[in-house]
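# Residue-level structural notes
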Amino acid sequence: MSLTFDFVQPQPEPAADRVTLFADVILPLPLPKLYTYRVPFELNDQVVIGGRVIVQFGAKKTLSCIVAAVHETPPANYQAKYILEFIDDAPVVTQPQLKLFRWMADYYLCTLGEVINAALPAALKLSSESRVQLHPAFETETNPYPLSEQEQKIVEALSTGEEGKSMTFTEIGELLGIASFHKYIKSLMQKDVVFLFEHMSDKYSPKVVKKVRLAHRYVAEAALEQLFAQLAGKAKQLDVLMRYLQRVPVYQNEHSNHKGMEKAALTSAPHLSPSAVNTLIKNGILEQFDVIVSRFPMEDDEVANMHFTLSEAQMEAHTDIMRQFQTQDIVLLHGVTGAGKTEIYIDLIRQALESGGQVLYLLPEIALTAQIVTRLMRVFGSRLGVYHSKFSDNERVEVWNGVLSGRFQVVVGVRSSVFLPFDNLSLLIVDEEHESSYKQYDPAPRYNAREVALMMANFQGAKTLLGSATPSVETYYQTRTGRYGLVSLTKRFGEAGLPEIELVDTRKSREQKTMLNHFTPELMQEMERKLAAKEQVILFQNRRGYAPFINCLDCGWIPKCKNCAVSLSYHKHAHELRCHYCGYHDRMPVECPACGSRNIKTVGFGTEKLEDDLKIMLPEASVQRMDLDTTRAKNSYQQIISDFEKQTTNVLVGTQMVTKGLDFANVSLVGIINADSIIHYPDFRAHERAFQMFVQVSGRAGRKGKKGKVIIQTGDPQQVIFDKVIRNDYLEFYEYEILQRREHGYPPFMRVIRLTVKHMDPVLAEKAAILLTQELVDRLGREAVLGPEAPYIFRIRNFYLQEITVKLSREHTVVRAAKADILESINLVRDHKDFKQARIAADVDPM
DNA sequence: AGCACGCCGACT
DNA sequence: GTCGGCGTGCTC
């Protein structure tokens, strides 16, 4: 039910001997502290910690917020306002959540309001909107003021329909078809024709299905016979009626009529006339009624508890994990791609459920596919909730409420599912734990879901299994220190051997002029061979668009984004130049705006160009591209995957999206088109990321017994990292990388906090950053602070950037004290009169 | 985050 | 002379 309500008036002053309660509320705003409101005495028993209340904040705003605490201490320096309304009689945010959210705000240097804002599905955040209603005293006949045509329209709309009808501003805008209608409302208010009031509404609306059933008086057999006689000659209506009786056995069981059937099953049936259905309803033969249904329809647990057997290696790993859980809260399952980690997870989840606890299974967004959901559904049936970013708000609220009510005991979800109201978590699984997409980069809270989930597991006493074929250096280090357990699964499931990896030197090919567009002859030949054998190919290129920039060959002109310090990428399909940082786009010029030349060339290449080239070079093959641009729509991602699965497409070209979790049995070749751009990235994690990407994408080659092949194109095959990729030697990579980290003082040995100063004015950005650095150095010491420095892309969305990196020892007390110092320094700069417009963001553990 | 209060340019 | 720009401060 969509609950709507208007505000109650503030309560009168309570008598002195009565208990006066105050509630500290979390406003969904980036404010550093909680605000204290007074509970109207009559409603004392309605305050619920974790429940939503409505308050007036400032002169105009009415907001819904969460009660964080209730107490009897009146604020010393100000008069608390009254809470206007209580929405929930049970917590929407539970105590364990509040504890976790506080930890998040603290750890990630943001406000509780920001955490709440990210946590609550938008549909749980009430919005206030102004509504317009006809003044009760208004009558058209007695109205002394003349009304304009537009005003007349508004009055008409408000007086049609039931008494006291109201409209929102948006509705009025739609009615008049113009944006600037406020003047008419203002004028109508002055003439006492309408008045305004504030109205809050829950945005969640349950899903309703229209059903039909036979009107009661026809249910008896005799009455039915009579009805048939009555409808004789009305063939279409009789058809509908027959179909209804076929589906609902009214003859055999009169009670079955009560539930009826879905109206859509009649109106959209191929041989039935929708208008005949409506005629039957109009004539009172069928009656229509609404039923509230779940957005996650689940027949029953028939499908559930499907069993499968683990392989011997999986069994062993499973036993080992359970054994380690006896002494260890966190275990890393290091299993090569295709080793069958998912079956182990499923078995552990089943076990956890049997003991009565909740389970959270975290996956990166691109790995949470229909494949995995279907698989889990078959085992866990209606106990499984799915939390995905492409879900609508209403769907998210249903998952949220389902966890609260206990309907969903297992949730498989993406990053944001760490916000769900678990209170009895017994198992946490973080698959692909090394994934950087677990980290939210912008806006605040800049949290890492893996770390938040680990903290939640810690608070609730749950065991955690981290899974990866290429664990993050930080996580693997913890297994070395003994803080995490370790289980390794090194054999691929079902006899599939590891792919053969070949390095191909693009520099040599270029010198010999044997390159075919961006393909070496080796890769080209291999592709042709595989396609001839009716096998599939995946090509990985970590850059979308057609070309990263275009260039006038006569005057050297390169189009740049007007908001950011980057060149514009050329997107051929849209025939546009686009900025990948702010979304700015412009038509592709026919001639150079600087010199008028038509001699404009594209430079470099992205997925779109590869796709284009391949369509010409391999005319027989069907080529599909998978990147941010081709997967924006809700189902396009799934469509691309299923086309590839069905082998409608032979070659899949894509960005990082193709590296994750896709299991295609027929892929025998993976090509990495430009390995160098991934390795040479100005960041301490560049090698780790490169290693992970290469190994993950290689894992796409060869499954179900077929040995796959991987071709890596590089200008420098001698780089150390390749050697480890080729031998798929994670350990060796780790040993090499951990030395670098120790030597240069990076995680896991040191903790990094990145501060970014943004300002529209480049000079002020730099000055603010220098001041911030000075403050930090004063508090933390010179050696802890690096920068300030303008990043490689020094301007984004018209803001000039400056970065400061703080490195801290990992000791808890040090970090805690340092964070207080950092906050103090930031506030100092913020309060400085010259830097009022500077924006400062802190990113704890950046990735 | 909004929104109000407060000081400097282009208009009736 | 005013209307309105957005810069700064506050919201229990």
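Everything numeric here is computed off the predicted structure, so don't read it as measured data.

### Topic: the UniProt feature "binding site: Zn(2+) 1" (unreviewed entry) in chain A
The positions UniProt marks with the feature "binding site: Zn(2+) 1" (unreviewed entry) are Cys 552, Cys 555, Cys 592 and Cys 595. Taken along the chain, the residues just named run across 44 residues; in space they keep tight, none of their C-alpha pairs more than 8.7 Å apart. The topology assignment puts Cys 552 in strand E22 (residues 549–552). Given a relative accessible area of 1%, Cys 552 falls into the buried group. The contact partners of Cys 552, leaving out residues within four places of it in the chain, are Trp 557, Cys 592, Cys 595, Ser 597, Asn 599 and Ile 600. Along the chain, Cys 555 falls in the loop between E22 and strand E23 (569–571). Apart from residues lying up to four places away in sequence, Cys 555 is in contact with Cys 592, Ala 594 and Cys 595.

### Regarding the UniProt feature "binding site: Zn(2+) 2" (unreviewed entry) in chain A
The UniProt feature table records "binding site: Zn(2+) 2" (unreviewed entry) at Cys 561, Cys 564, Cys 579 and Cys 582. Across 22 residues of sequence, these annotated residues stay compact in space, with a maximum C-alpha separation of 8.7 Å. Assignment of secondary structure puts Cys 579 in the loop between strand E24 (576–578) and strand E25 (585–587). With near-sequence residues (within four places) excluded, Cys 579 lies in contact with Cys 561, Cys 564, Val 566, Leu 568 and Tyr 584.

### Things to note about the packing of aromatic side chains
Under the counting rule described, the total for this entry stands at 18 aromatic pairs. Note on Trp 103 and Tyr 108: the rings are 6.1 Å apart at their centroids and 85 degrees apart in plane angle, and the pair reads as edge-to-face. Each member of the pair, Trp 103 together with Tyr 108, is buried. Considering the side-chain rings of Tyr 730 and Phe 733, the 6.1 Å spacing of their centres and the 55 degrees angle between planes classify their relative orientation as tilted. A residue pair is termed a helical-turn pair when its members lie 3 or 4 positions apart in one helix, as Tyr 730 and Phe 733 do in helix H24 (residues 730–744) at 3 residues. Here Tyr 730 matches Phe 733 in class, with each residue buried. It is Arg 18 that lies over the ring of Phe 41; its NZ or CZ is 3.7 Å from the centre.

### Concerning the protein's contact with DNA strand C
Close contacts around DNA strand C come from 13 residues, with Lys 33, Thr 36, Phe 57, Tyr 78 and Lys 81 the closest. For DNA strand C, the fraction of atoms within 4 Å of the protein that belong to sugar or phosphate moieties is 47%. Between DNA strand C and Gly 58 there is a distance of 3.1 Å, counted from a sugar or linking oxygen to a backbone nitrogen or oxygen. Contacts to DNA strand C include Tyr 78, whose side-chain N or O atom sits 2.2 Å from a base oxygen. When residues of the surface near DNA strand C are traced back to their parent elements, those giving at least two are strand E3 (35–38) and strand E4 (52–57). Looking at the surface near DNA strand C element by element, the count peaks at 3 residues for E3.

### Some remarks on the side chain of Ser 825
Among the structural elements, Ser 825 can be located in helix H26 (residues 812–831). A distance of 2.8 Å separates the side chain of Ser 825 from the backbone oxygen of Asp 821, its partner in a polar contact. Not counting chain neighbours up to four residues away, the residues in contact with Ser 825 comprise Leu 772, Glu 775, Leu 776 and Arg 779.

### Digging into the state of the cysteines
Each disulfide consists of one covalent bond between the sulfur atoms belonging to two cysteines. Tallied over the full model, the rule gives 0 disulfides. For the unlinked cysteine Cys 65, the closest cysteine sulfur is that of Cys 110, found at 18 Å. The exposure class of Cys 65 is buried, given its relative accessible area of 2%. In this structure Cys 579 is not part of a disulfide, and its nearest cysteine sulfur, from Cys 561, lies 3.7 Å away.

Criteria and cut-off values
Residues numbered from 1 in each chain as written. Chains lettered and ligands numbered in written order. Predicted model: local features only at pLDDT ≥ 70, side-chain atom pairs only at ≥ 80, totals over all residues. Heavy atoms only, no water. UniProt positions renumbered as here; feature names shortened; annotations may be inferred. Helix = DSSP H or I, 4+ residues; strand = E, 2+ residues; numbered from the N terminus. Buried < 20%, exposed > 50% of the residue type's maximum accessible area, 1.4 Å probe, protein only. Contact = heavy atoms within 4.5 Å. Phe/Tyr/Trp six-rings, centres within 6.5 Å; stacked < 30°, edge-to-face > 60°. Lys NZ or Arg CZ within 6 Å of the ring centre and 35° of its normal. Near = heavy atom within 4 Å. Polar contact = N/O pair within 3.5 Å; in protein donor to acceptor, adjacent residues only side chain to side chain. Disulfide = S-S within 2.5 Å.

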